[in-house]
Number of protein chains: 2
Amino acid sequence: MIERERRFLVESVPDPLPAPSTIEQAYLTTRPVSVRVRRIDDRHVLTIKGGSGRNRTEIELDIDPGQFEELWDLATELRIAKRRHRVPLGGGLIAEVDLFDGELQGRRLVEVEFDDDATADRFEPPAWFGREVTEDGRYTNAALARNGWPDD
Amino acid sequence: MIERERRFLVESVPDPLPAPSTIEQAYLTTRPVSVRVRRIDDRHVLTIKGGSGRNRTEIELDIDPGQFEELWDLATELRIAKRRHRVPLGGGLIAEVDLFDGELQGRRLVEVEFDDDATADRFEPPAWFGREVTEDGRYTNAALARNGWPDD
């Protein structure tokens, strides 16, 4: 599938937040495609993404815990831990608010996925969203895992 | 799982050969892990391998034809086509004889997989096997797809 998403910094976190999912993820490689293993609560997923920016090819495959462990061990350096809060925005849209833990403790991003380009284009971010970073490759989770949080 | 295999050139092809499977495969990346999509007859498989030489971590996941097409399109350059003949060697061992098509037309390799290191160690290649290339990284399918057949 083609993943259409826009990504933003978070100006202020909505209060209260829905209960989060706990996500741990690691990258086996980030170029020319990214290969990610993720544990989200009790589920284990392998995701392959190609392309950059708003529209990326994304393939998601469920894996079992044993496969997760083996793949996790192949990812020697790039790891991310975060809590993901899914905040309904109306119109069927969901803001996925990621609050990072570990080395990125205190950092936060919000993503919104869209079914089509038109909806993505006309999306008006709510006031609690910060600067848009969709086209800024430094804010992909893969880049954050590799390089840490950007300086500016 | 850990994949234990030894790989050889082919001195002479057994005659007759069992009917082959037709394999097409492409690589999304080859370093630091290799990510391969393969169509083998009617089956579609995603394989991730880490490590090098005889013992490599290998995870194989069945994918559907649509996922295969999307992943295939992410692999822009590295493609291999071959026919694979599975020749029983006795003792439960199978020689997988790969006869390459396409740009590697006429080239051939044979691989044997083992359940454990001891069996791999004491394996005596039959006379029709050629030089062993297990530890020669130029003869992995990923390297062949990238660089073509080695000169020597």
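The structure this text deals with has already been given above.
Calculation notes
Residues numbered from 1 in each chain as written. Chains lettered and ligands numbered in written order. Predicted model: local features only at pLDDT ≥ 70, side-chain atom pairs only at ≥ 80, totals over all residues. Heavy atoms only, no water. Buried < 20%, exposed > 50% of the residue type's maximum accessible area, 1.4 Å probe, protein only. Helix = DSSP H or I, 4+ residues; strand = E, 2+ residues; numbered from the N terminus. Pairing = 2+ DSSP bridges. Core = buried A, V, L, I, M, F, W, Y, C linked by side-chain atoms within 4.5 Å. Contact = heavy atoms within 4.5 Å. Polar contact = N/O pair within 3.5 Å; in protein donor to acceptor, adjacent residues only side chain to side chain. Salt bridge = Lys/Arg side-chain N within 4 Å of Asp/Glu carboxyl O. Buried area = accessible area lost by both parts, 1.4 Å probe. Nonpolar A, V, L, I, M, F, W, Y, C, P; charged D, E, K, R; others polar. Phe/Tyr/Trp six-rings, centres within 6.5 Å; stacked < 30°, edge-to-face > 60°. Least-squares fit on C-alpha atoms with pLDDT ≥ 70 in both. Arc of directions from axis to C-beta.

Residues and elements named next belong to chain B. The buried count for strand β7 (residues 93–100) comes to seven of eight residues, which makes it a mostly enclosed element. Note: strand β6 (residues 78–90) against β7, eight bridges, orientation antiparallel. Bridge pairing in β7 places V87 opposite A95. Pairing analysis gives five bridges linking β7 to strand β8 (residues 108–114), with the strands arranged antiparallel. Counterpart to V97 in the pairing with β8 is V110.

Of all hydrophobic cores here, the largest spans 30 residues; its most connected members are L46 of chain A together with L46 of chain B. L46 of chain B has contacts with L46, I48 and L61 of chain A together with V35, R36, V37, I59, E60, L61, I63 and L71 of chain B, leaving out every residue within four places of it along the chain.

Residues and elements named next belong to chain A. Looking at the element boundaries, E3 is found in strand β1 (residues 2–10). Accessibility expressed as a relative area gives 2% for E3, which makes it buried. Polar side-chain contacts of E3 include one of 3.4 Å to the side chain of K49. Among all residues touching E3, those that are not within four sequence positions of it are K49, R54, N55, R56, E58 and E113.

Quick look at the pattern of salt bridges now. Under the definition given, this model contains 38 salt bridges over all chains. Between K49 of chain B and E3 of chain B there is a salt bridge whose closest N-O contact spans 3.4 Å. Remark: E3 of chain B occurs in strand β1 (residues 2–10) and K49 of chain B occurs in strand β4 (residues 43–50); sequence separation between them is 46 residues. For the salt bridge of R84 of chain B with E96 of chain B, the shortest nitrogen-to-oxygen distance reads 3.2 Å. Remark: E96 of chain B occurs in strand β7 and R84 of chain B occurs in strand β6; sequence separation between them is twelve residues. Connected via shared salt-bridge partners are E3, E5, R7, K49, R56, E58, K82, R84, R86, E96, D98 and E111 of chain A.

Cis peptide bonds are those with omega within 30 degrees of zero, and the linkage from R31 of chain A to P32 of chain A qualifies with 0°. Its place among the elements puts P32 of chain A in the loop between β2 (21–29) and β3 (33–40).

Bring the parts together and some accessible area is lost; that lost area is often taken as the interface size. Contacts between the two partners involve 20 residues from chain A, matched on the other side by 20 residues from chain B. For the pair chain A and chain B, the summed buried surface comes to about 1,600 Å²; carbon and sulfur atoms form 75% of the total. Summed over the shared surface of chain A and chain B, the number is zero salt bridges. Counting across the interface, chain A meets chain B through zero residue pairs in polar contact (both at pLDDT 80 or more). Broken down by secondary-structure element, the contributors of at least two residues to the side of chain A that touches chain B are β2, β3, β4 (43–50), β5 (55–62) and α1 (65–74) of chain A. Among the residues forming the side of chain A that touches chain B, the class breakdown is 13 nonpolar, four polar and three charged.

Take the packing of aromatic side chains next. Residues and elements named next belong to chain A. In the structure shown here, the tally under the stated rule is 16 aromatic pairs over all chains. For the pair Y139 and W149, a centre-to-centre distance of 5.3 Å together with 80° between the ring planes defines the contact as edge-to-face. In this pair, Y139 sits in the loop between β9 (129–132) and α3 (141–147) while W149 sits in the segment after α3, placing the two residues ten residues apart along the sequence. For the pair formed by Y139 and W149, the shared burial category is buried. An aromatic cluster of three or more residues is present, and its members are F8, F114, F123, W128 and F129.

Let's shift gears to the relation of the copies chain A and chain B. At an RMSD of 0.0 Å, chain A and chain B line up after a rotation of 180° and a shift of 0.0 Å along the axis. The transformation just described matches what one would write down for a two-fold rotation axis. With an isologous cut-off of 70% or more, the 100% of interface residues of chain A that recur at the interface of chain B puts this contact in the isologous class.

The next thing to look at is α1 of chain A. For an α-helix, the turn length of 3.6 residues means that residues three or four places apart are oriented alike. Every buried residue of α1 of chain A is listed here: Q67, F68, L71, W72 and L74 of chain A. One side of α1 of chain A holds all its buried residues, which, seen down the axis, span an arc of 150°. Summarising the contacts, the buried residues of α1 of chain A are in contact with β2, β3, β4 and β6 (78–90) of chain A together with β4 and β5 (55–62) of chain B. Two or three places before G66 of chain A, at the opening of α1 of chain A, D64 of chain A has a side-chain oxygen 3.1 Å from that residue's backbone nitrogen.

These figures come from the coordinates and say nothing about function on their own.
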